[in-house]
Amino acid sequence: MAPAARRAPARRRVWLLVALAYVALLAASHFVRALRASTSTPTSSARVATIGDGVAIAYSDEGRPAPAGDAPAALPVLLIHGSPGDRSNFADLSHALSGARRTIAPDLPGFGESTADVPDYSIAAHAEDVLELLDALQIERVHVVGFSMGGGVALELAGQAPERVASIVMLSAIGVQELELLGDYHLNHAVHGAQLAGLFVAHELLPHFGLFDGGMLSLAYARNFYDTDQRPLRDRLEAFEAPMLIVHGKGDVLVPFAAAQEHHRIVPQSELIEFDANHFMVFRRADELAAAIEPFLSDVERGVAATRGSADPARSAAARAPFDASTLEPVSGFALATLLVLIALATLVSEDLTCIGVGALVAQGRVELLPGVAACFVGIYVGDLMLFLAGRFLGRRAVGRAPLKWFLSEARVEASSRWFDERGGRVIFLSRFLPGMRLPTYFVAGVLRTSFLRFSLWFALAALLWTPLLVWLASRIGGALTERVELLQKNLALGLVATVVVGLVFVKLVRPMTSDRGRRLLRASIGRKLRWEYWPRWLFYPPIVLACAWHGIRRGRPLAFTAVNPSMPHGGFVGESKADILDGFRVRRDLLARTLVLAPNAAPDAVRARVEAFQGELDAAWPLIVKPDVGQRGDGVSLVRSLDELERACAALNGRVLVQEYVDGVEFGLFYVRHPDAEHGTLLSITRKVLPEVIGDGGATLEQLILRDPRAVLSAEAFLTRHAARLTSVPAAGECVRLGDLGTHSRGAAFLEGIELLTPELAAAVDELSLGYDGFHFGRYDVRAASDDALRAGRFRVLELNGVTSESAHIYDPRYSVLYGWKTLAAQWRLAYDIGLANAERGARISTAGELVRAFRAYRSVATGASA
């Protein structure tokens, strides 16, 4: 209809072609990867052993010196690589050790040339695989060298089969959970889960043709960390009886040197050798490592190496002391870099939540205040800069497109634009502290082509004040909680969650309290939660659903209600056409609001011609009502005052569109019921629909009037958005400003009890109208009358007739309790089942569950298209 509507099919075709090309590339990528995997074979230097479940383990086997005379052969050395990695990690070290003894370096399942796809990549599963490899090679006992993640495998191996491990060399090895990444299993597991999810998307949903397979960021690496639980490793270390050598670089940024020190403490027989090196000394200093390892292995075999039983008593006593979490140093090195990147990225999702979470980490001593604040600031700056640039280069049209349409509305942007014009660059600073204004204000700053330098300076000033304050405040909250709750001292993850929850509550309460506007909106938010008429459907309707289920089971026909109105599809439960329902009236059609039906995707010229012809039949050309032919609860309904507004309203809808004359007056809901055996029906409910309005005092702005009105403030968010263009205007004293023109509760209308308006004349008029509609027995008329007296006299105009899902809307009168509402609706649905069964006995058809599901899907497709 509108130009945008005409361009939509072309855009959809382009996006469809792009999607098809992407799917084709993705399919080709997966085919190439599968073909490469099926044709890959181990290198000539690799040996292969097959263990349980058909898992193939590639390994190198070097050095088999014959013993001199009767001297026993030296025990083999099992070299276990880290993650990501493979047996080549030990190429130099294996060669350096193989002159004296046999060395075996396997590719753990998932890595190198071993079976890539296994169900479990954890260190415990890898230990089981290594044991099976030793069985296959008929090796009873070995020395184990575990590098990095391989140290965990070595400890698990010793825990599962201690008799087969003569000694362990922990080479830059992981161990206790407390000194791994963030120091807590649940926090680390969340980080590894996010990493796995990101890599899975990259591997499986991007057409990379094998570029990502088997590399440093393989899925096996991510699964290895995600599947692994390091919490048992402390017990493994404390139970280890054999000799242990710990070799660690003081400059290790992946596994901190503090981990080696803690392992040395809790394994009293261990020997610690410090290298002035980083995590990767195994690749560069193999000869020096071999020179340190070989004497230790010889001492073990000669029986002179210390065991737990022969360890120094003082060290044994120190090993029994519990771990002191207060001695933990802040995260550093690679772990800190990773954490800071994650913090910056997290601010793009929720700035406040991220800042509070960082404050919790500061309180726990896991990160220092300055780097934490810096990471938050960088993430916030980049995110808001992207929003500014979106406004600068994409303009206002970007508001209607993902992802900005998820966060911004046209009305909110319009309000920010006016605010920006009035107050200049200060709004950039102020919006940081006003809920709901930051995103649209920064976007508008870009749209209005504000100086980039000016924007950056104002924003930096606001962020430099707000970010440290919020992080510091959260750290104080977290510190106070940890000091007072012993459980939080022992559980970092629980402490983090507790701090975030308390911090969010504090911030969400404190920030609004700093302004009159914020305080009123906060009270309104609390009021909406306390007043059940504003409750969401998922909270209000479960008792009604249970009542319907009971009525259906008790009568043996769970879907009998779908026969309550045989003239409407499924009794008016879902997907019914408003136009078809209005066409069903055979008498008193003069009472119906005149309605024009427009076909889907009608040409703009045809629409204009038909609308202008339709207006010629009306008493007043404008305004008009535009609504979807299939819809409920006021969704998609607009009041328009020009052809341009009408075209925009039609373009936003999917399917058939109704253009209806605007009927002035007071709006009411009339709920009518007639049993098939009864000669006449009954008006069960009359609801007076009071449209929202405020009265000017000559001094307050429209925004202030909305926020001060006890009823309007409860729907302030909707009203402030709808009237964004007028919020700063000052209505004259006594001037009535109507905030809504439609009698729907979701748009701010108040529903009040109106049964006192029932008269014989009104009952007769509704009954006459209903009896003239074959197959109608149950539903609500939405009508307008010139006044209460006109309604009493039976003089009204019908806007809509709704079927079985309509309600006796007077229950939403604030005087009534939720129990009254549930009781009334349960009784209403009992009548629906009784009438439906009576109609079924007369030949009316009851819908099947499959038909309802298909109808609901069809309705959702129309509704989704309209909202898009």
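The structure we're discussing is the one just above.
Parameters and conventions
Residues numbered from 1 in each chain as written. Predicted model: local features only at pLDDT ≥ 70, side-chain atom pairs only at ≥ 80, totals over all residues. Heavy atoms only, no water. Salt bridge = Lys/Arg side-chain N within 4 Å of Asp/Glu carboxyl O. Helix = DSSP H or I, 4+ residues; strand = E, 2+ residues; numbered from the N terminus. Buried < 20%, exposed > 50% of the residue type's maximum accessible area, 1.4 Å probe, protein only. Pairing = 2+ DSSP bridges. Right-handed = clockwise from strand over helix to strand, strands pointing away. Patch = residues over 30% accessible without salt bridge, like charges linked within 9 Å, V, L, I, M, F, W, Y side chains within 5 Å. Areas by Shrake-Rupley, 256 points an atom, 1.4 Å probe, with all protein chains shown as cover. Lys, Arg positive; Asp, Glu negative; His and termini not counted. Charge placed at Lys NZ, Arg CZ, Asp CG, Glu CD.

> How should the pattern of salt bridges be read in this particular structure?
Should their charged atoms come close, side chains of opposite charge can pair. In total, this model carries 42 salt bridges according to the counting rule given. The residue Arg 555 makes a salt bridge to Asp 834 at a minimum N-O spacing of 2.9 Å. One end of the pair, Arg 555, is in helix α23 (residues 542–555); the other, Asp 834, is in helix α31 (residues 818–841), and 279 residues separate them in sequence. A residue is classified by how much of its surface remains accessible, and Arg 555, at 21% relative accessible area, is partly exposed. Notably, a salt bridge pairs Glu 661 with Arg 594, separated by 3.2 Å at the nearest N-O pair. Placement of the pair is Glu 661 in strand β12 (residues 657–661) and Arg 594 in the loop between α24 (578–583) and β9 (595–598), with a sequence separation of 67 residues.

> How should the pairing of strand β6 (residues 165–171) be read in this particular structure?
In the case of a regular strand, side chains alternate between the two sheet surfaces. Among the seven residues of β6, seven are classified as buried, and the element is accordingly described as predominantly covered. Note: strand β5 (residues 142–147) against β6, six bridges, orientation parallel. Within the sheet, the bridge partner assigned to Phe 147 lies in β6 and is Leu 171. You can see the chain leave β5, run along helix α4 (residues 149–160) and come back into β6, and the turn it takes is right-handed. Here four bridges tie β6 to strand β7 (residues 244–249), and the two strands are oriented parallel to one another. Counted as the bridge partner of Ile 168 is Met 244 from β7.

> Is there a simple way to explain a negative patch on the surface in this structure?
On the surface, Asp 53, Asp 120, Glu 128 and Glu 132 cluster together into a patch of negative charge. Within the fold, Asp 120 resides in the loop between β4 (103–106) and α3 (123–136). Residue classification places Asp 120 among the partly exposed residues on the basis of a relative accessible area of 34%.

> Explain unusual backbone geometry here, please?
The phi torsion of most residues other than glycine is negative, and most of the peptide bonds are trans. A cis amide bond, omega -5 degrees, links Ser 83 with the succeeding residue Pro 84. Checked against the element boundaries, Pro 84 lands in the loop between β3 (77–80) and α2 (91–97). A cis amide bond, omega -5 degrees, links Trp 622 with the succeeding residue Pro 623. Its location among the elements puts Pro 623 in the loop between α25 (604–615) and β10 (624–628).

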